[in-house]
Structure formats: structure tokens, C-alpha cells
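Summary of the model geometry
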Amino acid sequence: MGERRLRSLRSSVSSVLSWRGAAFAARRRPLLSEPEPMSGANVHPSPANPRRMQGGKVAVIGAGQMGSGIAQVAAQTGYAVVMRDVEDRFVAGGLAAIRKNLDRAVEKGRLTAQEREAAFGRVAGTTDVKRCADADLVIEAVVEDLDVKRRLFQELGAMCPPATILASNTSSIPITVLGVASGRPDRFAGMHFFNPVPVMKLVELIRGAETSDSTAAAVRAAGERMGKTVVEVHDFPGFVSNRVLMPMINEAIFALGEGVATPEAIDQVMKLGMNHPMGPLELADFIGLDTCLAILNVLHDGFKDPKYRPAPLLVKKVQAGHLGKKSGRGFYQY
Ligand SMILES: NC(=O)c1ccc[n+]([C@@H]2O[C@H](COP(=O)([O-])OP(=O)(O)OC[C@H]3O[C@@H](n4cnc5c(N)ncnc54)[C@H](O)[C@@H]3O)[C@@H](O)[C@H]2O)c1
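Report follows, based on the coordinates. Sequence positions are assigned chain by chain, starting from 1 and proceeding in written order. With pLDDT at 70 or above as the cut-off, local features in this predicted model cover only qualifying residues; side-chain atom pairs require 80 or more to be listed or tallied, and sums for whole chains, interfaces and linings still use all residues. Side-chain measures were taken over the full set of non-hydrogen atoms in the model, leaving aside hydrogen atoms and water.

1. So, the pairing of strand β7 (residues 202-207)
Among the 6 residues in β7, 5 count as buried, and that is most of the element. In this scheme, strands are said to pair when DSSP sees at least two bridges between them. A run of DSSP states H or I qualifies as a helix once it reaches four residues; a run of E qualifies as a strand once it reaches two. Both are numbered from the N-terminal end. Across 4 bridges, strand β6 (residues 188-193) lies against β7 in antiparallel orientation. Bridge pairing links F193 to V203 in β7. Crossover handedness is defined by viewing with both strands directed away from the observer: a clockwise path from the first strand over the helix to the second marks the crossover as right-handed. For the segment spanning β7, helix α7 (residues 213-225) and strand β8 (residues 229-234), crossover handedness is right-handed. Accessible area is worked out with a 1.4 Å probe on protein chains only. A residue is then buried under 20% of its type maximum, exposed over 50%, and partly exposed in between.

2. Re the site of the ligand
Near, as used in this document, describes a residue that has one of its heavy atoms within 4 Å of the molecule or strand being considered. Close to the ligand lie 24 residues, the nearest being M66, D85, E144, K149 and S171. Residues adjacent in sequence count toward polar contacts only when both atoms are side-chain atoms; beyond that, a polar contact is any pair of N or O atoms within 3.5 Å, and within protein one must be able to donate a hydrogen and the other to accept it. One of the backbone N or O atoms of M66 is found 2.8 Å from an oxygen atom in the ligand. Within the side chain of R84, one N or O atom sits 3.0 Å away from a nitrogen atom of the ligand. Where accessible areas are quoted, they stem from the Shrake-Rupley method and a 1.4 Å probe; at the residue level, only the protein chains shown are allowed to cover. Compared with its free state, where it exposes 830 Å², the ligand has 88% of that area covered by protein. Put simply, the parts of the chain that give the shell around the ligand at least two residues each are α2 (65-76), α5 (146-159) and β6. Its residues placed into classes, the shell around the ligand shows 10 nonpolar, 9 polar and 5 charged. Classes in brief: Ala, Val, Leu, Ile, Met, Phe, Trp, Tyr, Cys and Pro nonpolar; Asp, Glu, Lys and Arg charged; the others, Gly included, polar.

3. Some remarks on the side chain of R84
Following the sequence through the fold, R84 ends up in strand β2 (residues 80-84). No salt bridge forms around the buried R84; measuring N to O, its nearest opposite-charge neighbour E155 is 5.1 Å away. Once you skip the residues sitting within four places of it in the chain, R84 turns out to touch V60, I61, G62, A63, T126, T127, D128, V129, C132 and L152. Asp and Glu count as negative and Lys and Arg as positive, but His and the ends of the chain are not part of the count. A pairing counts as a salt bridge when a side-chain nitrogen of Lys or Arg comes within 4 Å of a carboxyl oxygen of Asp or Glu. Whether two residues are in contact is decided by their heavy atoms, any of which lying within 4.5 Å being enough.

Pasting the structure below:
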């Protein structure tokens, strides 16, 4: 399927699993564009008023759950977006997910049909990585695999002009290592969004060993323009989010494997007893069991501490191809 087919798909596609669109409240001016004068009436521009947030191009590499979500929020906040994946069917799937989310936002009255068309019209899908070369900010959201990401950043570092900032949405892979692979470790940072991107408010900004202050400021400004609260952390395995979250998910899988309780019972205990909005097994299915396993392996290798060893049941699920919601089966059926 070529570019033309992708373009026609963009206008006709209407269904793929996705999550609620969200109302955004970007509070800062766009960093990757010329600042516009702010009037008192427009100090809180929102995607519903994209005229206030024009300018800048963001390239998103990977059109899966995270890449499509990042592309959507970037487009809704006025960036021109190019979203790249390795095969046309993955690009088409990402565009379908964006369309579905935007349609739902219109149904719920959060966007007008005109705003939906404007946002969707700002996203171009491609399999050609060269179309990312003129972006101000490249956000990588491909599979959680060190070698794949390293190769990609070598390619991006060689291809993009020196001013381009490169960022990774990795859940756990060291930002310092990826920054070195890119050949521009000062203009490299972690930009860790959460799933579903249009809904979740956090971006964990991870500074690698050589991330410059101006790069951290640029990534912060881009995250805030996309309506997120940006929290800065240092580069350690799992950063903060997954260093704390994954041991809990892993322990729930151990408990399931040991026959302590059913998946439903484990999730209910954590939801009703700890006031978590989702149980750990439900959440693992939602994140993707392959991604959970990859993160635990990074924690295990990084800290050399057996407390992070992945539960055998998690390994078995991934070997069986039961990856959670995205594959239709994990701890639950979808
Ligand atoms: N799933 C989550 O909840 C979550 C949350 C935060 C961060 N992350 C991170 O985001 C990244 C992506 O996760 P996901 O859940 O979207 O995975 P996913 O499996 O849904 O999507 C990954 C996509 O990357 C594509 N891809 C692989 N190699 C590529 C390449 N060289 N160029 C372009 N595309 C390529 C795949 O075809 C696939 O479409 C991972 O690093 C993951 O750890 C995931």
C-alpha cells in the first residue's frame, strides 16, 4: 500500500480499538515555534483553539498504541505530524486508531467536526523514515528492544540536521545509551508518555548523562504544549514509573501463577482495597505483556537484583503470543 492508499484510508477509516479522546489544556507556549503574543483571553489555549498553537513539526516513529496516541495529541495541539512505521498496515492501523479517537471526541462534544478534520489533516502516515528528517522533534515509540532502538537512533542521528531534538518514549531502556547511539547525546532525552496518551496527564522527562539544559527545556515545553504535566527524573533503570509499577505487576503474576487467587480476585483486591483504577493484571494486559517482560528484563539486568526477575507465567504468556489487549488475549480475553 502506497502513500495514496494511506491518504484515502485516512478519509474513510472509522474503526479500530482505541480509548477516549481527551480535553487538553496546554498551558505553555509552543517551544518549537515562534512565540505568539498572548492576550489575557487566551492564556490557556486548548486544542479546541488550534489557531493559538500553530507551528513546529513532530515526527513520531512507531504507529502502535503509544506512537498513534502521541501523534494524535501532537496534531491536536497544532503540530504538523509525520508518523512512521515499518509496514503500511501498521501505519494504517495507527491512523485508524487516531481517527476513531477523534470521532469519539466529536461524539462526546469535546471537539467540533471541523477541529477533528483539522487535527487529522495534520497527521501524515509513512513508511519512509526520510520524511522525518525535517522535524523539530522526533519522538521514538517503537518496540521495547535495545538493538532496534539503537539502530534507529543511529539512522536518525545521521539523517536529521544538528538542531533536531531526538527523544525516546522507552519505558525502561537507558536514555544515556540511546543518546550515545544517536551521536547527539546533548540533544537527546527520554519523553515517557503513558497509555492511553490522549487521556493520561503525565510525561516523565528523563535526562540522560549528557542531556543539555536547553534540550530538557525544549522537551518540557513540547510536553506541556501537548497538555501534559512534565516531571523530570534521572536516568536509572525503569526511571521512577516502571521501577515502582513493574514489581507490583510482576508480584501479581507470581501470585496468579502460585494459585493464590483468580485474575479477577487479584485485580479486585487492588482496585477496591488500594483504590487503584485498574488491577495489576488488567493493567499488564493493557500495557502489553511483551512490553512488561522487556521492562522487567531491563530492571533485572540493570540492578542485578533477583527481586526483579520476571515471573515464569509472564514469560510463558509472551512465548505463547498472548500479549494482552493488543493481541486479543492475555490474562483476560478481549
Ligand atoms: N504500552 C504502554 O503502556 C507503554 C507506555 C509507555 C511507554 N511505552 C513504550 O512505548 C514504546 C512502544 O510501545 P507500544 O505499546 O506502542 O508498542 P506497539 O507494539 O503497540 O507498537 C510498536 C510499533 O513499533 C513499530 N516498529 C518496530 N520497529 C520500528 C522501526 N524501526 N521504525 C518504525 N516503527 C517500528 C511496530 O511495527 C509497532 O507498530 C515501547 O518502547 C514501550 O516500552 C509503552
